[in-house]
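Chains, contacts and geometry: an overview
Here are the chains, one letter per residue:
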Amino acid sequence: METTSFSTDGPQPIRGDRGATILGPRNVPIERENPDLLASPITDAGTVPNLKFSFAAARNRLLRGGWAREVTVRELPVATRIAGVDMRLKPGAIREMHWHKEAEWGYVLAGSVRITAVNPDGRNFIDDVAAGDIWNFPAGIPHSIQGLKNGAEFLLVFDDGAFSENETFLITDWFAHTPVEVLAKNFGVPETAFANLPTDLDNTRYIFEASVPGPIESDAVQSDAGVSMPYSYRFSAQEPLRLAGGQVRIVDSSNFPAASTIAAALVEVEPGAMRELHWHPNSDEWQYYLSGQARMTVFASGGKARTFDYLAGDVGYVPFAMGHYVENTGTDTLRFLENVPQQPFCRCLAEPVDGAHAAGAGSGAPQPG
Ligand code: MN
Ligand code: MN
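A quick note: this is a predicted structure, and the numbers were derived from the prediction, not measured. (Residues numbered from 1 in each chain as written. Chains lettered and ligands numbered in written order. Predicted model: local features only at pLDDT ≥ 70, side-chain atom pairs only at ≥ 80, totals over all residues.)

1. Some words on the overall build of the chain
As a reminder of what qualifies: By the criteria applied, helices consist of DSSP H or I runs no shorter than four residues and strands consist of E runs no shorter than two, each listed in order from the N terminus. The contact rule is simple: place each C-beta atom from the backbone, and if two of them lie within 7 Å, those residues are in contact.
For the chain, the count of helices and strands is 7 helices and 25 strands. Sequence-distant contacts in the chain: of pairs separated by 6 or more residues, those separated by 24 or more amount to 75%.

What follows is the structure, encoded as structure tokens:
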């Protein structure tokens, strides 16, 4: 019988005298992105859950005003504690006023946005937030997001892996499912006032087009303005903790009280350096890779370990207590966010960004982080 001949291009699953070439069908771009899966280190062993999912492999919900894609427990089943959304808003486009049962921690990846919220005392909050800065809306707090002059893209982190961006509480959705005579009675206006409520919410609301707003003063609501606990934080202005192999910024409820359920570190690791072997004594860790390339081995006890490779836009996950390191395997600075659904962010986590250890000069014992 004649055999099909398949491509021999691309990396091969060979490490020393182990392994053999691929003869069958293959997906070379994915194999190139995952050299430590294709040819796993000999120290990897046993069955470990998948700890990587790329936003590039997530379904993207496209709307006239932008888009949103999510990595939740449905995409990455091990990620039960945190879910993430990558959202884009064109200039002026609005993520409609809404709320949800989960807290929302936002990090602006590019551009700038205007955020608004109303706190439990009925006081309103408004701020313009730019790349590198963050916000946090506690669970249940209504909020909106609008793209400013050049639009924006941002990462949203939620403190429950089961969150879905498609299941938020929208004002328009609520109105569409309330008898119109009740709306009229509630607001003291004729029923005709609600004749033009949007009906195709999936396509015309949630994220919709609008004009770029004027200066923040022109948008601010005058009555009951200002909240005692701001929902935004200038993370990019924070002085980093500088270390031998990189630097780190940490934000948790000690310096940003509104972020009462989600803490984070922005870790930067120079080429050749690594985030030292460590574990987290109090929670899972959800990672988002911003730039550069990395590999991480997660030790799951009982002789089990697996190594994953990460690029910008990938999500990584480390279950509670499992040992791990993050190594810069590229030639540029590696930058990634570590989010933990726990307070405070353990300060000792900041220390192990160490160039000496990558060079083999370190002699310190692994420490809990
Ligand atoms: Mn939200
Ligand atoms: Mn860690």
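2. As for the domain arrangement of the chain
Keep this limit in mind: Residue ranges labeled as domains rest on an automatic or database domain assignment.
Domain boundaries assigned for the chain yield domain 1 (58-232) and domain 2 (235-352). Taken residue by residue, the interface counts 21 residues in domain 1 and 20 residues in domain 2.

3. What about the sheet that holds strand 22 (residues 314-318)?
Keep this limit in mind: Each pair of strands is called paired provided DSSP finds at least two bridges between the two strands. Orientation is described by axes fitted as lines to C-alpha atoms, over the contacting stretch for helices, and by angles from 0 to 180 degrees between their N-to-C directions.
In space, the 7 strands of this open sheet follow the order 3-22-19-24-17-16-15, with antiparallel pairing throughout. Only two strands of the sheet have a single partner each, and these edge strands are strand 3 (52-54) and strand 15 (241-243). Each strand of the sheet is rotated relative to its neighbour by a mean of 20°, with strand direction disregarded.

4. Details of the confidence of the model for the chain
Low-confidence regions, as indicated by low pLDDT, have predicted coordinates that should not be scrutinised in detail. In plain terms, the rule: The predictor rates its confidence in each residue with pLDDT, a number between 0 and 100.
For the chain, the mean per-residue pLDDT works out to 91, and 93% of the residues sit at or above 70. Contacts from residues 354-369, a stretch scored under 50 in pLDDT, to residues over four places away or in other chains number 35 contacts.

5. Regarding helix 4 (residues 180-187)
In plain terms, the rule: Backbone-placed C-beta atoms define the burial measure: a residue is buried with 20 or more other C-beta atoms within 10 Å of its own, exposed with 12 or fewer, and partly exposed in between.
Sparse coverage of helix 4 is indicated by the burial of 0 of its 8 residues. Backbone geometry just downstream of helix 4 places Gly188 in the positive-phi region, at approximately 65°.

6. Description of the nonpolar core
Note the threshold: As used here, a nonpolar core is made of buried Ala, Val, Leu, Ile, Met, Phe, Trp, Tyr and Cys residues. They are joined through C-beta atoms within 7 Å.
Among the nonpolar cores identified, the biggest contains 80 residues, and Val113, Phe154, Val157, Val251 and Ala264 are the most heavily contacted of them. Apart from the residues within four sequence positions on either side, Val251 is in contact with Ile134, Tyr233, Phe235, Phe256, Ala259, Ala263 and Ala264.

7. Some thoughts on the pairing of strand 11 (residues 143-158)
The sheet contact formed by strand 6 (residues 83-89) and strand 11 spans 7 bridges and is antiparallel. Residue pairing for strand 11: Arg88 is matched across the bridge by Glu153. In this sheet, strand 11 lies alongside strand 7 (residues 94-99) in antiparallel orientation, the contact comprising 3 bridges. Counterpart to Arg95 in the pairing with strand 11 is Ile145. Here strand 8 (residues 104-118) runs beside strand 11; their pairing, made up of 12 bridges, is antiparallel. For Val108, the partnering residue across the bridge sits in strand 11 and is Phe154.

8. What to know about the pairing of strand 23 (residues 323-328)
Across the 6 residues that make up strand 23, a large majority, 5, are buried. Pairing geometry for strand 18 (residues 274-278) and strand 23, over 3 bridges, is antiparallel. Residue His278 lies in a different strand from strand 23, and its bridge partner there is His324. Here 6 bridges tie strand 20 (residues 293-299) to strand 23, and the two strands are oriented antiparallel to one another. Across the sheet, Thr297 pairs through a bridge with Tyr325, a residue of strand 23.

9. Remarks on the environment of Val28
Relative to the elements of secondary structure, Val28 occurs in helix 1 (residues 28-33). Residue class for Val28 comes out partly exposed when judged on the 13 C-beta atoms lying within 10 Å of it. Considering only alpha carbons, one finds Val28 and Ser7, 21 residues apart in sequence, at a separation of 9.2 Å. Apart from the residues lying within four places of it in its own chain, the contact partners of Val28 are Asp9 and Gly10.

10. Let's talk about the environment of Ser228
Following the sequence through the fold, Ser228 ends up in the loop between helix 6 (216-219) and strand 14 (232-233). Here Ser228 falls in the exposed class, since 8 other C-beta atoms lie within 10 Å of it. Taking the C-alpha atoms as reference, Ser228 lies 29 Å from Ser164; in sequence the two are 64 residues apart.

11. Quick word on unusual backbone geometry
Residues other than glycine predominantly adopt negative phi, and peptide bonds predominantly adopt the trans conformation. Positive phi, normally seen in glycine, also occurs at Tyr206, with a value near 75°. As for its placement among the helices and strands, Tyr206 is situated in the loop between helix 5 (201-204) and strand 13 (207-208). Owing to 22 C-beta atoms within 10 Å, Tyr206 belongs among the buried residues under this scheme. Here the phi dihedral of Ala321 falls at roughly 75°; this positive angle occurs in a residue that is not glycine. Take Ala321: it is sitting in the loop between strand 22 and strand 23.

12. Examining the environment of Ala117
Along the polypeptide, Ala117 turns up in strand 8. C-alpha of Ala117 to C-alpha of Ser228: the two residues are 111 residues apart in sequence and 13 Å apart in space.

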